[in-house]
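Coordinates in review
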Amino acid sequence: MKISRVLAYRVKLPLREGSYKWSGGKSVTVFDSTVVRIETDVGLVGHGEVCPLGPFYLPAYAEGVRTGLRELGPHLIGEDPRQLVKLNRHMDAALKGHPYVKSGVDIACWDILGQACGLPVCELLGGRYADKVQLYRAISQESPDEMAAKVAGYRAEGYRRFQLKVGGDPDVDIERIRAVAAKLQTGDRLVADANTGWVQHEAIRVAKAVKDVDVYIEQPCLTYEECLAVRRQIPHPFVLDENIDDLGILLRAKADLGMDVVNLKISKLGGLTKTKQARDLCVSMGIAMTLEDSWGGDIATAAIAHLAQSTPAEFLFTTTDFNSYVTVSTAEGAPQRLHGHMGASTKPGLGITPKTEVLGPPVLSLP
């Protein structure tokens, strides 16, 4: 089996709540997503999706995905999409860095591999550990009262994990954490995610001001060293995210006792192949994980669901359903939220069928 054609589609994904806001005044109202289609000479077709959280979150941006694919795409023609490790080495040789560009290709090839084997991707990633996985809900940065009201509303829909967007004014962030915590019940989990938005002394001050609150502190500062300094001075469970972009820093963080939970994003690491490698390493080291991506719609959510469902339950802290945040559906068969949980498809591959009328004409077709 050989790759015969690489296509890409641009899809705009408006947010149901109108906008999504996080640290530093950053916000998005419409996400710019790229759907990747890989065709083969035997008729099997796979799909992946890459959707950066704007150009100011990670070193990734939407047009960069498509530009990178124009460079990378010709090198994929004639390769066997089922040989995922070999294919990833080939992509890394053809295009240094830019892991997010390769992510959609890798996901699409897992989709093909699953179809070729007649198995869902989660079974190829390690096995289906449960019928469903527990979701978190990201709470966009607003006033303390508004955020508390949103948490109460989403809790009524079945969510029990909440990722509170902080990283703003430390005094307001303290109020945000306390206001939201007052709405929670036994069994709920609250994460205060600063998305690198605090200076080191601010992070320590906020954490000490809420030392009596059951809350996880996630990625308070920009650099790993700053985060580690905060980690060593506060009592809360600690989550690393933006700094963890390869196995080297993951191993360093484990050796430094720098985290209790790690957030692994598929496109940040370069696709399911490399995220599986990091996931399996975390399991062997006893580190729990949030498994997700930067953003996306139905296809990205399907990939997340397969990754999460193939993870031992005791190491899956939480995951997410990005397709419920947006107003546009791009594929049939994608996971759907039910009482704060979702499950991966039992059909071969990702189990999705893209909606061609939504994708429109390709913006890239190679050769």
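Our subject is the structure listed above.
Residues numbered from 1 in each chain as written. Predicted model: local features only at pLDDT ≥ 70, side-chain atom pairs only at ≥ 80, totals over all residues. Heavy atoms only, no water.

Along the protein chain, the regular secondary structure elements total 13 helices and 18 strands. Scaling as 2.2 N^0.38, a compact globule of 367 residues should have a C-alpha radius of gyration of about 21 Å, and the protein chain matches this with 20 Å. Reported as C-alpha extents along the three principal axes, the dimensions of the protein chain are approximately 60 × 40 × 35 Å. Residue burial in the protein chain is summarised as follows: out of 367 residues, 60% are buried. Taking all contacts inside the protein chain whose residues are at least 6 apart in sequence as the whole, residues at least 24 apart take part in 72%. Roughly 13800 Å² of accessible area belongs to the protein chain as shown, and the carbon and sulfur atoms make up 51% of that amount. (Helix = DSSP H or I, 4+ residues; strand = E, 2+ residues; numbered from the N terminus. Rg over C-alpha atoms; globule rule 2.2 N^0.38 Å. Buried < 20%, exposed > 50% of the residue type's maximum accessible area, 1.4 Å probe, protein only. Contact = heavy atoms within 4.5 Å. Areas by Shrake-Rupley, 256 points an atom, 1.4 Å probe, with all protein chains shown as cover.)

Moving on to helix α3 (residues 99-117). The first and last C-alpha atoms of α3 sit 26 Å apart over 19 residues, in line with the 27 Å expected at 1.5 Å per residue. Counting buried positions over the 19 residues of α3 gives 15, a clear majority of the element. With its phi angle positive at about 75°, glycine 118 sits one or two positions after the end of α3. (Expected span 1.5 Å × (residues − 1).)

We now examine the packing of aromatic side chains. Applying the stated criterion to the full structure yields 10 aromatic pairs. Relative to tryptophan 22, the ring of tyrosine 20 has its centre 5.6 Å away and its plane inclined at 40°; by these criteria the two rings are tilted. Grouping residues by exposure puts tyrosine 20 and tryptophan 22 together as buried. Among the aromatic residues, ring-to-ring pairing joins Tyr20, Trp22, Phe31, Phe56, Tyr57, Trp295, Phe322 and Tyr325 into one connected group. (Phe/Tyr/Trp six-rings, centres within 6.5 Å; stacked < 30°, edge-to-face > 60°.)

Bringing the side chain of arginine 279 into the picture now. Topologically, arginine 279 is positioned in helix α11 (residues 272-285). With a relative accessible area of 1%, arginine 279 lands in the buried category. Here serine 310 takes part through its backbone oxygen, which lies 3.0 Å from a polar atom of the side chain of arginine 279. (Polar contact = N/O pair within 3.5 Å; in protein donor to acceptor, adjacent residues only side chain to side chain.)

So, on to the packing of helix α6 (residues 170-181) against helix α7 (residues 200-209). Running from N to C, α6 and α7 cross one another at 35°; their axes reach a closest spacing of 10 Å. Helix-helix and strand crossings are classified by hand; for α6 and α7 the assignment is right-handed. The residues of α7 that touch α6, namely those facing Pro170, Asp171, Ile174, Ile177 and Arg178, are Glu202, Arg205, Val206 and Ala209. (Axes fitted to C-alpha atoms, helices over the stretch in contact; angles between N-to-C directions. Left-handed = near helix turned anticlockwise from the far one by under 90°.)

Turning next to the pattern of salt bridges. Pairing is possible between side chains of opposite charge, provided their charged atoms come close. If you walk through the whole model with that rule in mind, you get 27 salt bridges. Put simply, glutamate 63 and arginine 66 hold a salt bridge, and the shortest N to O gap is 3.1 Å. Pair noted here: glutamate 63 and arginine 66 are both in helix α1 (residues 62-76), with a separation of 3 residues, about one helical turn. Given the relative accessible area of 2%, arginine 66 is considered buried. Between lysine 268 and aspartate 241 there is a salt bridge; the shortest N-O distance is 2.9 Å. Of this pair, lysine 268 sits in helix α10 (residues 266-269) while aspartate 241 sits in the loop between β11 (238-240) and α9 (247-255); the two residues are 27 residues apart in sequence, bridging distant segments of the chain. Here the salt bridges share partners, and the residues they tie into one network are Arg10, Asp32, Glu63, Arg66 and Arg70. (Salt bridge = Lys/Arg side-chain N within 4 Å of Asp/Glu carboxyl O.)

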